[in-house]
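One letter stands for each residue in the lines below.
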Amino acid sequence: PNNQVVMTPTGIPGSNHSGQQFADEASKKREIRLMKNREAARHCRVKKKRIFKSAWRNAFRYWRAKIRSLLTNLRPLKEFYTQHKKDYPDHNILKNSSD
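What counts, and at which threshold
- Residues numbered from 1 in each chain as written.
- Predicted model: local features only at pLDDT ≥ 70, side-chain atom pairs only at ≥ 80, totals over all residues.
- Heavy atoms only, no water.
- Salt bridge = Lys/Arg side-chain N within 4 Å of Asp/Glu carboxyl O.
- Helix = DSSP H or I, 4+ residues; strand = E, 2+ residues; numbered from the N terminus.
- Buried < 20%, exposed > 50% of the residue type's maximum accessible area, 1.4 Å probe, protein only.
- pLDDT = per-residue confidence, 0-100.
- Patch = residues over 30% accessible without salt bridge, like charges linked within 9 Å, V, L, I, M, F, W, Y side chains within 5 Å.
- Areas by Shrake-Rupley, 256 points an atom, 1.4 Å probe, with all protein chains shown as cover.
- Lys, Arg positive; Asp, Glu negative; His and termini not counted.
- Charge placed at Lys NZ, Arg CZ, Asp CG, Glu CD.
- Phe/Tyr/Trp six-rings, centres within 6.5 Å; stacked < 30°, edge-to-face > 60°.

## Quick word on the pattern of salt bridges
Taken as a whole, this structure holds one salt bridge when the rule is applied. A salt bridge links Arg42 to Glu39; its shortest N-O distance comes to 2.7 Å. With Arg42 and Glu39 both in helix α1 (residues 19-84) and three residues apart, the pair spans about one turn of that helix. Judged by its relative accessible area of 43%, Glu39 falls in the partly exposed class.

What follows is the structure, encoded as structure tokens:
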């Protein structure tokens, strides 16, 4: 049987695996762990990128709507000013108040 307990040269009971076999198993386990870690890191980067893009799109949409709203509200004020500017030639809203 392969899993017999045998005495090692130091007198400590052990299995019949050699040190090289243990090293190979440890190396395989390490490679598997590293592979899983790389895959998890890749998944994390993809998720972070997706979240960032979504947040950027939402911010862009918010500010675009805000700018449109401000322009929409500014248009009637501009029209009002241009229509009434000739009625008050001495009044200039762009004029500095300290002048």
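Next comes the rest of the write-up.
## A closer look at the confidence of the model for the protein
When pLDDT is averaged across the protein, the result is 82; 72% of the residues are at 70 or more. When the elements of the protein are averaged for pLDDT, strand β1 (residues 5-7) gives the smallest value, 53, and α1 the largest, 94.

## Topic: a positive patch on the surface
On the surface, Lys49, Lys53, Arg57, Arg61, Arg64 and Arg68 cluster together into a positively charged patch. By secondary structure assignment, the location of Arg61 is in helix α1.

## As for the packing of aromatic side chains
Any pair of aromatic rings gets described here by the distance separating the centres and the angle formed by the planes. Following the criterion strictly, the structure yields two aromatic pairs and no others. An angle of 80° between the planes, with centres 4.9 Å apart, marks the rings of Tyr62 and Trp63 as edge-to-face.

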